[in-house]
Amino acid sequence: MSRICVVTSLILGFIGVTATNSYALDGKRKGFIIGAGAGAGLTSFKEKISFFESDRESKMALMTDFKLGYAPSNQFAIFWTSKVSWLRLKTEGNTFAPSNSFTIVNGMGGLGLAYYFQPEGPSPYLTGGFGFSSWGTPFEEGTDTLYGSGFALGAGYEFSRHWSIEGGFVLGSPKDSDFDYSIDTMALRLTINVLGY
């Protein structure tokens, strides 16, 4: 399921980048919007199992962003947002098990909002979102993805029509109630984004 979402996001992002102006994508923010972004950042996480709490760990990660929605005006937009951190973790080997490395996908998906200070670019803007968070290893067989609540805040600058740089943070709390396990996540993000409108 996660692989399908990733592939769909990439295809829609590619369509948004390569689409020519049409009735919906007329060069004004008001109307249908679709966007994608990529960059880098730091993902920090801390695990809790029953009464045990691990130390907080931080790892550099690839950051991606996807938006799909509608702008009722040239300064305000409502959209589905998907902000994902892609990071590599490595387990230490021992006598009984070899070391192993794997990709963690930590994300937040849900309702996003953006407010642009100017009706046309260049313009600074504020953005936020709330919904669910996730933590999983989609490329490993026999593993489950954990889900919880998620929240994002950020600010950006549209330096050219359709193009922006955006910084922000994402908080999440995926959990597994059956095993009294949770993981608190925080990602500090910096992305370059393209938005079709």
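This structure is a prediction, so every number in the text was calculated from the model and none was measured. For every chain, the first residue of the written sequence is number 1, and numbering continues from 1 along that sequence. Given that this is a predicted model, residues contribute local features only at a pLDDT of at least 70 and side-chain atom pairs are listed and counted only at 80 or more, while totals for whole chains, interfaces and linings are drawn from all residues. As a convention, hydrogens and water are excluded, and side-chain values are obtained from all of the structure's heavy atoms.

Tallying secondary structure elements over the chain gives one helix and ten strands in all. Where helices and strands are cited, they refer to DSSP runs of H or I of at least four residues and of E of at least two residues respectively, numbered from the N terminus. Traced from its N-terminal end to its C-terminal end, the chain shows the element sequence α-β-β-β-β-β-β-β-β-β-β. When accessible area is computed with a 1.4 Å probe and restricted to protein chains, residues below 20% of their type maximum are described as buried, those above 50% as exposed, and intermediate ones as partly exposed. Within the chain, the fraction of its 197 residues that count as buried is 40%. When checking whether two residues touch, look at their non-hydrogen atoms; a contact exists if any pair is within 4.5 Å. Summarising the internal contacts of the chain: among those between residues at least 6 apart in sequence, 58% fall at separations of at least 24.

To continue, consider the side chain of Thr191. When you line up the elements, Thr191 lands in strand E10 (residues 181-196). For Thr191, the side chain forms a polar contact with the side chain of Asn193, separated by 3.2 Å. Ignoring sequence-local partners within four residues, the contact set of Thr191 consists of Ala38, Gly39, Met63, Ser164, Ile165 and Glu166. Pairs of N or O atoms within 3.5 Å make up the polar contacts considered here, provided that, within protein, one atom can donate a hydrogen while the other can accept it, and that residues adjacent in sequence are counted only when both atoms are side-chain atoms.

A separate point is the layout of surface pockets. A 1.4 Å probe that fits into a set of points on a 1 Å grid over the protein atoms alone but cannot get out defines a cavity; an open set with protein on both sides within 12 Å along at least five of seven lines defines a pocket, and lining residues are those with an atom within 4 Å of a point. Grid points are joined across faces, edges and corners, and a volume is the space filled by probe spheres set on the points. Its volume calculated, the second largest pocket comes out at about 450 Å³. Along the wall of the second largest pocket there are 20 residues; nearest its centre are Glu47, Phe102, Ile104, Trp135 and Tyr181. Elements with a minimum of two residues in the lining of the second largest pocket: strand E1 (31-49), strand E3 (57-71), strand E4 (76-91), strand E5 (100-116), strand E6 (123-136) and E10. If one sorts the elements of the lining of the second largest pocket by residue count, E4 sits on top with three residues. Here the lining of the second largest pocket is built from residues that sort into eight nonpolar, five polar and seven charged. The residue classification treats Ala, Val, Leu, Ile, Met, Phe, Trp, Tyr, Cys and Pro as nonpolar and Asp, Glu, Lys and Arg as charged. All others, Gly included, are polar.

Our focus in this paragraph is the pattern of salt bridges. Criterion for a salt bridge: a side-chain nitrogen of Lys or Arg within 4 Å of a carboxyl oxygen of Asp or Glu. Applying the stated criterion to the full structure yields six salt bridges. Its salt-bridge partner being Arg29, residue Glu158 comes within 2.5 Å of it at the nearest N-O pair. Separated by 129 residues along the polypeptide, Glu158 in strand E7 (residues 146-160) and Arg29 in the loop between helix H1 (2-18) and E1 bring together distant segments of the chain. For Glu158, a relative accessible area of 2% translates into the label buried. Arg29 sits in the buried class, given a relative accessible area of 4%. Between Glu166 and Lys67 there is a salt bridge, and its shortest N-O distance comes to 3.4 Å. Of the two residues, Glu166 sits in strand E8 (residues 163-172) while Lys67 sits in strand E3, which places them 99 residues apart along the sequence. By relative accessible area, which is 5% here, Glu166 ends up buried. Overall, Lys67 belongs to the buried group, its relative accessible area being 10%. Several salt bridges share partner residues, and in doing so they unite Asp65, Lys67, Lys83 and Glu166 into one network.

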